[in-house]
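Tertiary structure, described
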Amino acid sequence: MLSPCSLCSARCCKELYITVTAFDVLRIAARIGKEPSEFAEIYPLKLINFDNETVLECYDNTAYPAEYILCIKSHPCFFLKDNKCTIHEFSPCVCRSFPKGIDGSWKTRVCPFPAGWLFRIFGTNTPSYYVRELTVYKNIVMEWNKKKGKKEDCMIFLLEKARRCVEC
């Protein structure tokens, strides 16, 4: 079957920040043979549509936290080449679930016709493990936020915790 994404100009990859979990980062790093810091970053929170439970609080010599989110580097997406995803087979779960948002509602206004409607008819490619991974990731974020750590230590913390969860 033809993928609805093949009928699109990759607006989501160009216009949206691609938020990820530490599990997505580990999975991508293993498949492409790059260090997570080469393609992912702890990015200042400037998003309108985000999940509050994935917001990372970092205390860098201040009494109040700065808020960040784990994202794919660059805008447009680091993995977009010639309007095609170069990691489509193992792309982040948020990409596979799109155009459904984190709240489960359809975001087809980003997808042009007919791609948006094809997603509605055939559904998305949301991995079965996504809900479980997202729940665990939210717990890791909560643990980080209680720690009140510095931004420079955040990525290492997230990846180590996720790595331990994968190994269990």
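Below you will find a few notes about this structure. These numbers come from a predicted model, not from an experiment. (Residues numbered from 1 in each chain as written. Predicted model: local features only at pLDDT ≥ 70, side-chain atom pairs only at ≥ 80, totals over all residues. Heavy atoms only, no water.)

On to the overall build of the chain. Broken down by element type, the chain carries six helices and five strands. What you see in the chain, going N to C, is helices and strands ordered as α-α-β-β-β-β-β-α-α-α-α. Evaluated residue by residue, the chain yields a buried proportion of 42% over its 168 residues. Long-range pairs, those at least 24 residues apart, make up 70% of the contacts in the chain between residues at least 6 apart in sequence. Working note: accessible area of the chain is about 9700 Å², and carbon and sulfur atoms make up 54% of it. (Helix = DSSP H or I, 4+ residues; strand = E, 2+ residues; numbered from the N terminus. Buried < 20%, exposed > 50% of the residue type's maximum accessible area, 1.4 Å probe, protein only. Contact = heavy atoms within 4.5 Å. Areas by Shrake-Rupley, 256 points an atom, 1.4 Å probe, with all protein chains shown as cover.)

A separate point is the sheet that holds strand β2 (residues 56-58). One open sheet accounts for three strands, arranged β1-β3-β2; its pairing is antiparallel. At either margin of the open sheet sits one strand with a lone partner, and together these are β1 (40-44) and β2. Ignoring strand direction, the axes of neighbouring strands in this sheet form an average angle of 40 degrees. As paired elements, β2 and strand β3 (residues 66-72) share three bridges and run antiparallel to each other. The partner of E57 across the bridge, within β3, is E67. (Pairing = 2+ DSSP bridges. Axes fitted to C-alpha atoms, helices over the stretch in contact; angles between N-to-C directions.)

On to the packing of helix α2 (residues 22-32) against helix α6 (residues 151-167). At a minimum axis separation of 9 Å, α2 and α6 run at an interaxial angle of 80 degrees. By the angle class used here, α2 and α6 are roughly perpendicular. On the side of α2, the interface is formed by A22, F23, V25 and L26, while α6 contributes L158, L159, A162, R163, C165 and V166. (Parallel < 35°, antiparallel > 145°, perpendicular 65-115°, else oblique.)

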